[in-house]
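Chain and residue survey
Given next are the chains, with one letter for each unit.
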Amino acid sequence: MSQQGGRPTGHEDDWWGQLYDDTEDAGPAAAPDSLDDRFASAAGTVNTGTGVPAPRAGEEDTPPTRSRAPWEPTQTTTGPPGFATGGAPPGPGSGPPAQPPDIASAEPADRRAAGTAPGSGPGGTPQARAAETHPPAKTPADAAPPPAETPPEPPPTRTPTRVDLPTLPPGPLDFVGSGPPTYDAEPTALPPADPDDLDDLVADTVLDGAHYGSCTLRAASVRGDSARFRGEPRRDSLLTARFGTGDHALVLVAMATGARATPGAHRAAAEACHWIGRAVGRSHARLAEDLRAGRRGDLKSGLHRLTDRSLGKLRASATEQGIDPEEYSATLRCLLLPADTGCRTRVFFGVGEGGLFRLRDGEWQDIEPRVLDVTGEPVVGFGSLPAETPEGDRLTMDLGIPTPPSPYEAAPEPPREPFRFRASVARPGDTLLMCSGGLAEPLRGEPELCEYLTDRWSGPTPPGLAAFLADTQVRVKGYADDRTAAAVWEA
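Reading the values: rules and limits
Residues numbered from 1 in each chain as written. Predicted model: local features only at pLDDT ≥ 70, side-chain atom pairs only at ≥ 80, totals over all residues. Heavy atoms only, no water. Helix = DSSP H or I, 4+ residues; strand = E, 2+ residues; numbered from the N terminus. Buried < 20%, exposed > 50% of the residue type's maximum accessible area, 1.4 Å probe, protein only. Contact = heavy atoms within 4.5 Å. Core = buried A, V, L, I, M, F, W, Y, C linked by side-chain atoms within 4.5 Å. Arc of directions from axis to C-beta. Phe/Tyr/Trp six-rings, centres within 6.5 Å; stacked < 30°, edge-to-face > 60°. Lys NZ or Arg CZ within 6 Å of the ring centre and 35° of its normal. Axes fitted to C-alpha atoms, helices over the stretch in contact; angles between N-to-C directions. Parallel < 35°, antiparallel > 145°, perpendicular 65-115°, else oblique. Nonpolar A, V, L, I, M, F, W, Y, C, P; charged D, E, K, R; others polar. Pairing = 2+ DSSP bridges. pLDDT = per-residue confidence, 0-100.

As for the overall build of the chain
Of the regular secondary structure elements, the chain holds 11 helices and 15 strands. The buried share of the chain, reckoned over its 491 residues, is 32%. Sequence-distant contacts in the chain: of pairs separated by 6 or more residues, those separated by 24 or more amount to 68%.

This is the structure in structure tokens:
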């Protein structure tokens with residue numbers, strides 16, 4: 001295709017006319033002078049450019065009649081003044097300037113027939129869409145009256161369900177009896193320390209526990225209120241040890257109390273526990289066998305021998321230190337517990353004052369072994385002097401002059417404390433308590449303390465270490481000595 005002066009020539013004119021003009025019902029039309037005129041005449045669109053040609057001489061102002069192209073919308077409605085209805089726009093100077101066609105002319109006929117305003121549909125004007133999206137606020141006169149408030153429904157009534165909680169033992173107490181003790185409940189002063197002998201220091205409180213076989217052990221040793229106030233060391237000593245393994249193991253609990261008002265009382269008590277611990281540990285296999293076999297006589301004689309040997313070494317230690325054996329002495333109380341679940345024999349042995357109690361079926365039983373001692377004035381026929389000598393001399397008066405000791409005989413030893421022994425078979429639910437005099441005396445003298453410990457220790461499970469410590473240090477007015485206790489709960 002060739003061009004002359006910017007216009008197509010030759011057969012191209014026929015091709016462009018065939019492309020945009022429909023020969024069916026098409027009237028005679030003059031050939032346009034330019035390509036822009038062809039587009040305006042063929043497509044019937046508005047030319048918004050500045051070079052719109054004026055109609056030729058002899059032609060009418062209206063565009064020629066032609067048929068609609070298949071892709072053009074139906075042009076049957078009339079728009080506002082100045083808009084074309086489907087033909088080319090008027091030339092310059094013949095009317096108002098050309099404007100874009102109204103989009104309402106492309107709406108379906110059924111909507112127009114129903115009286116819908118132009119541009120009110122989904123493709124309406126932006127003002128109409130904004131009015132639909134954000135409707136104008138209603139005035140109080142147009143607003144509907146609020147609905148009547150319905151009172152809320154009351155919550156459904158529930159029948160309370162009764163829950164029976166288990167009865168728990170009362171909490172720990174600070175003291176029992178008529179009033180609080182004079183001393184403070186907590187430690188006040190520490191005992192003096194030697195920088196060259198720090199191993200001699202004794203802790204204020206010792207706590208221990210274990211579980212073997214069918215029994216649970218709790219043990220504690222607490223400095224008394226009087227010693228806490230004065231800054232004196234604890235005179236009680238506690239030792240818990242296990243010898244052997246498995247069912248042949250043997251558990252030893254030993255406690256000792258040094259002599260009152262002596263400077264080395266705490267050392268004597270610790271030595272007594274160490275000596276008996278070594279003696280029992282070296283013979284634990286034989287002792288465990290006698291326990292399982294129930295040889296009560298062999299146990300009593302063997303433990304008596306071990307106790308005398310241990311206390312004898314304690315007196316020998318006092319002699320080496322240049323201390324009177326009476327000042328460097330201690331009471332000793334021990335408990336043997338077999339680890340075998342099939343053996344429920346519990347053996348107590350020792351020397352000196354203290355307490356051994358058993359809590360069974362909610363009642364305390366004092367099972368401390370009694371020692372038969374002859375006390376009081378002599379009576380005729382038992383411990384009194386004869387009325388006359390074998391030579392016939394009658395004794396009329398006793399001057400009370402003691403016989404001096406013979407220089408050829410050794411001085412008699414001071415009388416020793418009797419040996420105490422008891423072997424018993426435990427029952428399920430029993431609680432066995434071995435304690436020093438600091439706890440045995442208030443248990444025997446204050447019934448309220450027994451009732452309190454009964455409530456605390458009659459539960460289905462043994463107390464923990466902290467609870468046991470709190471129970472053993474419940475104070476009673478008038479009893480301020482050290483307290484050492486070991487309790488065994490039977491499963």
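A short note on the nonpolar core
One recurring pattern in soluble globular proteins: nonpolar side chains tend to sit buried together. Ile 276, Val 280, Leu 287, Leu 303, Leu 336, Val 347 and Phe 349 are the most contacted members of the largest nonpolar core, which has 30 residues in total. Going through the elements one at a time, strand S7 (250-258), helix H6 (265-282), helix H7 (284-293), helix H8 (296-321), strand S8 (330-338), strand S9 (345-351) and strand S12 (419-425) are the ones with two or more residues in this core. When residues no more than four places from it in sequence are discounted, the contact partners of Val 280 are Phe 243, Leu 250, Leu 252, Leu 287, Leu 336 and Phe 349. With 22 residues, the next largest nonpolar core counts Ala 440, Leu 453, Leu 469 and Val 476 among its residues.

Some thoughts on H7
Restricting attention to buried positions, one finds in H7 the residues Leu 287, Ala 288, Asp 290 and Leu 291. In a view along the axis of H7, the buried residues occupy a sector of 160°, so they form one face of it. Looking at the buried positions of H7, the neighbouring elements they touch are S7, H6, H8, S8 and S9. Downstream of H7 by one or two residues, Gly 294 has phi in the positive range, about 75°.

Some remarks on the packing of aromatic side chains
Following the criterion strictly, the structure yields 4 aromatic pairs and no others. Look at Trp 457 and Trp 489: their rings are 5.4 Å apart centre to centre, the planes differ by 75°, and that puts the pair in the edge-to-face class. On the criterion of sequence distance, the pair formed by Trp 457 in helix H10 (residues 447-457) and Trp 489 in strand S15 (residues 483-490) is long-range, its members being 32 residues apart. Each member of the pair, Trp 457 as well as Trp 489, is classed as buried. One aromatic cluster is present, built from ring pairs that chain together Trp 364, Trp 457, Phe 468 and Trp 489. Taking NZ or CZ as reference, Arg 278 lies 5.2 Å from the ring centre of Trp 275, over its face.

A short note on the side chain of Thr 345
For Thr 345, the position within the fold is in strand S9. Judged by relative accessible area, which is 17%, Thr 345 ranks as buried. In contact with Thr 345, other than residues within four places in its own chain, are Leu 291, Leu 336, Pro 338, Ser 424 and Val 425.

Examining the environment of Leu 432
Here Leu 432 lies in strand S13 (residues 431-435). Classification of Leu 432 as buried rests on a relative accessible area of 10%. In this view, Leu 432 contacts Leu 335, Arg 346, Leu 356, Phe 357, Arg 358, Ile 367, Ala 486, Ala 487 and Val 488; residues no more than four positions away in its chain are not counted.

Thoughts on the packing of H10 against helix H11 (residues 465-472)
At their nearest, the axes of H10 and H11 sit 11 Å apart, and the two run at 170° to each other. Relative to H11, H10 is oriented roughly antiparallel. Where H10 abuts H11, its residues Tyr 452, Leu 453, Arg 456 and Trp 457 lie against Ala 467, Phe 468, Asp 471 and Thr 472. Its residues placed into classes, the contact of H10 with H11 shows 5 nonpolar, 1 polar and 2 charged.

What about the pairing of strand S4 (residues 205-212)?
Across 8 bridges, the pairing between S4 and strand S5 (residues 215-222) is antiparallel. Note on S5: the bridge partner recorded for His 211 is Thr 216.

Details of H11
All buried positions along H11 are accounted for by Phe 468, Leu 469, Ala 470, Asp 471 and Thr 472. In this structure, the buried residues of H11 make contact with S4, S5, helix H9 (437-445), H10 and S15.

Here's the deal with the confidence of the model for the chain
Put simply, the chain has an average pLDDT of 75, and 57% of its residues get 70 or more. Counted against residues more than four places away or in other chains, residues 109-123, with its pLDDT under 50, gives 21 contacts. When the criterion is pLDDT under 50, residues 373-384 qualifies, and its contacts beyond four places in sequence or with other chains add up to 4 contacts.

Thoughts on the environment of Leu 173
Mapping Leu 173 onto the fold places it in the loop between helix H4 (126-133) and strand S3 (175-176). With 298 residues separating them in the primary sequence, Leu 173 and Asp 471 have C-alpha atoms 7.7 Å apart. Other than its neighbours up to four places away in sequence, Leu 173 contacts Tyr 452 and Val 474.

Structural notes on the pairing of S5
With respect to burial, S5 is a largely interior element, 8 of its 8 residues being buried. Neither face of S5 is left uncovered, since the one carrying Cys 215, Leu 217, Ala 219 and Ser 221 and the one carrying Thr 216, Arg 218, Ala 220 and Val 222 both have all their residues buried. Turn length for the S4-S5 hairpin, with the two strands adjacent in sequence and antiparallel, is 2 residues, and the turn residue Gly 213 shows positive phi of about 60°. Relative to S15, S5 runs antiparallel, the two sharing 8 bridges. Each residue of the ladder has a partner; that of Thr 216, found in S15, is Trp 489.

Thoughts on the sheet that holds S9
With antiparallel pairing, 5 strands are arranged side by side in an open sheet as S6-S7-S8-S9-S12. Pairing within the sheet leaves two strands with one partner each, and these edge strands are strand S6 (236-243) and S12. Ignoring strand direction, the axes of neighbouring strands in this sheet form an average angle of 10°. Bridge count for S6 against S7 is 8 bridges, and the pairing is antiparallel.

A closer look at the sheet that holds S4
Taking strand neighbours across the sheet as the criterion, the 6 strands line up as S4-S5-S15-S13-S10-S11 in an open arrangement whose pairing is antiparallel. On the outer flanks of this sheet lie S4 and strand S11 (363-366), each paired with one strand and no other. Neighbouring strand axes in the sheet, compared pairwise and without regard to direction, differ in orientation by 15° on average. Bridge analysis of strand S10 (residues 355-360) against S13 gives 5 bridges, and the strand direction is antiparallel. Paired with Phe 357 across the bridge in S13 is Leu 433. The strands that H10 touches are S10, S11, S13 and S15; relative to S11, the one it contacts most, it runs at about 120°.

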